[in-house]
Amino acid sequence: MKTKFAMGLLALALCTSVSFNSKAQDKKKETVGGALDKTGKAIGKTAKKVGNKTAEVAVKGSAKVADQTYKGKMAPDGTDVYIDGKNKKYYINKKGAKVYLKASQIKDRPVKP
C-alpha cells in the first residue's frame, strides 16, 4: 500500500512539473512569436509599398511611351494627365492604376514664374 501511495505521489509530482514546464515554454514562444508577427507585418507593409511604387513607375513609363500627355493640365492630385487612343483622359494613382477623369476634374497647371 505504501508503495502504491508513493508511486501515485511520484506520478502526480511528475505531471505537475511537466505542466509547469510546458506553460513556461509557451510564454517564451508567445514573446518570440509576437516579435516574429511584428517583423512579418513590417516586411509585408514594406513589400506592399515597394510593389505599389514599382507598378506606378511601370505604368507611368508605358503611358509616356504609348499615350499623349495633356500639356498644361493636371489631375486632382497634381500629377500628369494622359490621353489614350480613345481620347479618354486619365492619371495614374499611387498604386499604379489608371483613374479615368471627367472633364470637370481636370485642372489647369499653375504657371511657374
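In this report, we go over the structure that sits alongside the text.

Conventions adopted
- Residues numbered from 1 in each chain as written.
- Predicted model: local features only at pLDDT ≥ 70, side-chain atom pairs only at ≥ 80, totals over all residues.
- Heavy atoms only, no water.
- Helix = DSSP H or I, 4+ residues; strand = E, 2+ residues; numbered from the N terminus.
- Buried < 20%, exposed > 50% of the residue type's maximum accessible area, 1.4 Å probe, protein only.
- Contact = heavy atoms within 4.5 Å.
- Areas by Shrake-Rupley, 256 points an atom, 1.4 Å probe, with all protein chains shown as cover.
- Pairing = 2+ DSSP bridges.
- Lys, Arg positive; Asp, Glu negative; His and termini not counted.
- Salt bridge = Lys/Arg side-chain N within 4 Å of Asp/Glu carboxyl O.

Things to note about the overall build of the protein
Part 1 of the reasoning: Looking only at helices and strands, the protein has 1 helix and 5 strands in total.
Part 2 of the reasoning: Reading the protein from its N terminus to its C terminus gives the helix and strand order α-β-β-β-β-β.
Part 3 of the reasoning: When burial is assessed residue by residue, the protein has 15% of its 113 residues classed as buried.
Part 4 of the reasoning: Put simply, of all contacts in the protein between residues at least 6 apart along the chain, 41% involve residues at least 24 apart.
Part 5 of the reasoning: Carbon together with sulfur atoms contributes 63% to the accessible area of the protein, which is approximately 9200 Å² in total.

A short note on the pairing of strand β2 (residues 80–83)
Part 1 of the reasoning: Note that strand β1 (residues 68–74) and β2 share 3 bridges and pair antiparallel. Along β2, the bridge assignment pairs M74 with D80.
Part 2 of the reasoning: Taking the residues that link successive antiparallel strands as the turn, the β1-β2 hairpin has 5 residues, and the phi of G78 there is positive, at about 95 degrees.

Digging into the side chain of D84
Part 1 of the reasoning: Tracing the backbone through its elements, the reader meets D84 in the loop between β2 and β3 (89–92).
Part 2 of the reasoning: Within the buried core, D84 has no salt-bridge partner, and the shortest N-O distance to an opposite charge, that of K88, equals 5.9 Å.
Part 3 of the reasoning: Not counting the four nearest positions on each side in its chain, D84 is found in contact with D67, Y90 and Y100.

As for the sheet that holds strand β4 (residues 98–100)
Part 1 of the reasoning: A sheet is described by the order of its strands in space; here 5 strands give the open sequence β4-β3-β2-β1-β5, paired in antiparallel fashion. In this open sheet, the two strands that pair with only one neighbour each are β4 and β5 (107–108).
Part 2 of the reasoning: The pairing of β2 with β3 spans 2 bridges and is antiparallel. Looking at β3, one finds that Y82 is bridged to Y90.

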